[in-house]
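Architecture and fold: a report
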Amino acid sequence: MSEADPEYQVAVVGGGPAGLTAALYTTRLGHDTVLINRGGGRAAMMQDTHNVIGITEETSGAELLQTATEQVESYGADTVRGYVSDVHGGVGNFTLDVGDDSYTAERVVLATGFSDERPDPPLPRTGRGLHYCLHCDAYMFIDESVYVMGTGESAAHVAMIMLNFTDEVDLLLRGAEPEWSDTTDEQLRAHPVEIIDEEITGMNTGDDGWLESFEFEDGTVREYRGGFPMFGSDYHAELADVLGLKRVDDDGEEAVEVDDHGRTSVEGVFAVGDLTPGHNQIPVAMGEGAKAGIALHYDLREYPKSLAELDGDSVDPAATPAVSQKLRDAAAKRHDDAEAPAADDD
Ligand SMILES: Cc1cc2nc3c(=O)[nH]c(=O)nc-3n(C[C@H](O)[C@H](O)[C@H](O)COP(=O)(O)OP(=O)(O)OC[C@H]3O[C@@H](n4cnc5c(N)ncnc54)[C@H](O)[C@@H]3O)c2cc1C
């Protein structure tokens, strides 16, 4: 490798389920990969994990991410804790700035996700009466009393959707005016959703930390098991914008446009997970990470060489395998560990 060659073949920005899966695939498919993550993110907010087959519901997001990070590292990927503030260059040689350091890579994967807009307090704890993921948490409200907060189209729709799970749904406007359309208003009023205008002034929780009720400024107290604030999303798209990636409407939000394998409008840049259009779910984020990882392998792998590339020559056996010494060492260690007798074996 000459001095001008990038240090890594792949740099993944964001260490949630999407980025970790992309890094797992690129590393196990033989490409030197660095994953740069500032920590936090939506998966880290999970008290429990739902909808991920093979993962017990009691697994927290922090546990899931810790195990996944160790898994990726064990195959030889480098992981860096830090915030990527800038990215420049182009396909074959990108530079990513992290504090005083910089990392170079041939390809970049953005897996930076978004943050849910948080309403004003008083609010229960996330996962204990405050829920941001409808497809994850609607199940836990079957036959329970539920609120939806917000004034926009999505709040009205989620309130009606929750009638699939329970017959007790309140839509809390918190003193603000509804912003949904007249058609939505007519539709909403034809559904048994109670609209509560008053602002929330207090909250009661149980010994287990779960929400029990909200108090309203007119003096009423209404009991809820939990509910969904619907105030939109704040995309972590600063790097996408620096790179000039095309954005696309995704249910009123500006997601990063990708093809079926996470390729963006800029060559050599991929995007996966919540940053892109589609369902915001861990299995979906993982699937997108996997597809991007495989697409990157097709793009970056050395062999087979086409006849045009060989131009009458043959592949030099000494130039195989194409995997770096670092990844070969990691593979050898894993082989050794798998073959080593367990500590309590005779
Ligand atoms: C409270 C809650 C509960 C949920 N429960 C479930 C559930 O049970 N099951 C389910 O399937 N889904 C659930 N979801 C949805 C799920 O968490 C997301 O769909 C999933 O985490 C998306 O993965 P991601 O990797 O795209 O993004 P994230 O998990 O958000 O990860 C993005 C990462 O990128 C990092 N990052 C951002 N910008 C930068 C930068 N410039 N430099 C470095 N790092 C950066 C962030 O810090 C973060 O670590 C839940 C979401 C929430 C909010």
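Just so it is clear, the model here is predicted, and its values are computed rather than measured. (Residues numbered from 1 in each chain as written. Predicted model: local features only at pLDDT ≥ 70, side-chain atom pairs only at ≥ 80, totals over all residues.)

1. Structural notes on the site of the ligand
Convention followed: The criterion for a residue being near a molecule or strand is simple: its C-beta atom, placed using the backbone, must lie within 6 Å of it. When residues are grouped by polarity, Ala, Val, Leu, Ile, Met, Phe, Trp, Tyr, Cys and Pro land in nonpolar, Asp, Glu, Lys and Arg in charged, and all others, Gly among them, in polar.
Among the 41 residues in the neighbourhood of the ligand, the closest are listed as G14, G16, G41, G113 and G273. Taken together, the residues of the shell around the ligand sort by class into 18 nonpolar, 19 polar and 4 charged.

2. Quick word on the nonpolar core
The tendency in soluble globular proteins is for nonpolar side chains to be buried as a group. Selection criterion: In this usage, the nonpolar core is the set of buried Ala, Val, Leu, Ile, Met, Phe, Trp, Tyr and Cys residues whose C-beta atoms join them within 7 Å. To sort residues by burial, count the other C-beta atoms lying within 10 Å of each one's C-beta; a count of 20 or more means buried, 12 or fewer means exposed, and anything in between means partly exposed. C-beta atoms are built from the backbone. For the purpose of contact definition, each residue receives a C-beta atom placed from its backbone, and two residues are in contact when these atoms lie within 7 Å.
Counting 53 residues, the largest nonpolar core has A11, V13, V109 and L110 as the members making the most contacts within it. Excluding its chain neighbours within four sequence positions, the residues that come into contact with A11 are V34, I36, F94, L96, Y103, A105 and V108. A159, V169, L172 and F214 belong to the second largest nonpolar core, which has 19 residues in total.

3. Comments concerning helix α2 (residues 61-74)
As a reminder, the rule being used: Strands here mean DSSP runs of E at least two residues long; helices mean DSSP runs of H or I at least four residues long; both are numbered from the N terminus. Expected helix span is computed as 1.5 Å times (number of residues minus one). Of all possible arcs, the one meant is that of the directions from the helix axis to the C-beta atoms.
Helix length check: α2, at 14 residues, gives a terminal C-alpha distance of 20 Å against a target of 20 Å (1.5 Å per residue), a fit within 8%. Considered for burial, the residues of α2 that qualify are G61, L64, L65, A68 and V72. Axial view of α2: buried residues confined to an arc of 90°, hence all on one face. When the buried face of α2 is taken as reference, the exposed residues oriented beyond 90 degrees from it are Q66 and E70. Those residues of α2 that are buried are in contact with α1 (17-28), β2 (33-37) and β3 (78-81).

4. Concerning the pairing of strand β1 (residues 8-13)
Here is the rule: DSSP calls a pair of strands paired once it identifies at least 2 bridges connecting them. Look down the strands so they point away from you; if going from the first strand over the helix to the second traces a clockwise path, that crossover is right-handed.
Of all 6 residues in β1, 6 are buried, a share of seventy percent or more. When β1 meets strand β6 (residues 101-110), the two strands line up parallel, connected through 5 bridges. Among the inter-strand pairings, Y8 is bridged to a residue of β6, identified as A105. Bridge count for β1 against β2 is 4 bridges, and the pairing is parallel. For V12, the partnering residue across the bridge sits in β2 and is L35. Crossover connection from β1 via α1 to parallel β2: handedness right-handed.

5. A few points about α1
Taking 1.5 Å of rise per residue, 12 residues should cover 16 Å, and α1 covers 16 Å from first to last C-alpha, within 8% of that figure. Most of α1 is tucked away, with 11 of its 12 residues classed as buried. Taken together, the buried residues of α1 touch β1, β2, α2, β6, α7 (282-300) and α9 (325-339). Looking one or two places after α1, you find G30, whose phi comes out positive at around 95°.

6. Describing the sheet that holds strand β12 (residues 211-216)
Put simply, the rule is: Geometry is summarised by axes, namely lines fitted to C-alpha atoms with helices restricted to the contacting stretch, and by angles between N-to-C directions that run from 0 to 180 degrees.
Taken together, 3 strands build an open sheet; the order of strands is β11-β12-β13 and the sheet is antiparallel. Taken across any chain shown, the strands that pair with only one partner, and hence form the sheet edges, are β11 (200-205) and β13 (221-223). When the angles between neighbouring strand axes are averaged without regard to direction, this sheet yields 25°. Two strands pair when backbone bridges link them, and β12 and β13 are joined in this way by 3 bridges, in the antiparallel orientation. Looking at the pairing, S213 lines up with E223 of β13.

7. Re the domain arrangement of the protein chain
To be explicit about the condition: The split of the chain into domains comes from an automatic or database domain assignment.
In terms of domains, the protein chain is made up of domain 1 (8-116 + 233-319) and domain 2 (134-229). Centre-to-centre separation of domain 1 and domain 2, based on C-alpha positions: 36 Å.

8. Some remarks on the sheet that holds strand β9 (residues 169-172)
Across the sheet, 4 strands lie side by side as β10-β9-β8-β14; this open sheet has parallel pairing. Taken across any chain shown, the strands that pair with only one partner, and hence form the sheet edges, are β10 (193-196) and β14 (226-229). Between one strand axis and the next, the sheet turns by 20° as a mean value, whatever way the strands run. Direction of pairing for strand β8 (residues 146-149) relative to β14: parallel, over a ladder of 4 bridges. Within β14, the position partnered with M149 by the bridge is P229.

9. Overview of the UniProt feature "domain: FAD/NAD(P)-binding" (unreviewed entry) in the protein chain
Here is the rule: UniProt positions are given in the numbering used here, feature names are shortened, and annotations may be inferred rather than shown by experiment.
The UniProt record marks residues 8-289 with the feature "domain: FAD/NAD(P)-binding" (unreviewed entry), using the residue numbering of this structure. Annotated as 22% helix and 30% strand, the span residues 8-289 places its first and last C-alpha atoms 18 Å apart.

10. Considering unusual backbone geometry
Here the amide bond leading from P121 into P122 is cis, since omega sits at 5°, within 30 degrees of zero. Within the element layout of this structure, P122 appears in the loop between β7 (114-116) and α3 (134-137). Cis geometry marks the peptide bond from T320 to P321, where omega comes out at -10°. On the secondary structure map, P321 appears in the loop between α8 (307-310) and α9. In this model, D143 sits at a positive phi of 60°, which is unusual for a non-glycine residue. Among the structural elements, D143 can be located in the loop between α3 and β8. The exposure class assigned to D143 is exposed, which follows from the 10 C-beta atoms found within 10 Å. Unlike most non-glycine residues, R174 shows phi in positive territory, near 55°. The residue R174 is located in the loop between β9 and α5 (182-189) in this model. Residue R174 is classed as partly exposed on the basis of its C-beta count, with 18 C-beta atoms lying within 10 Å.

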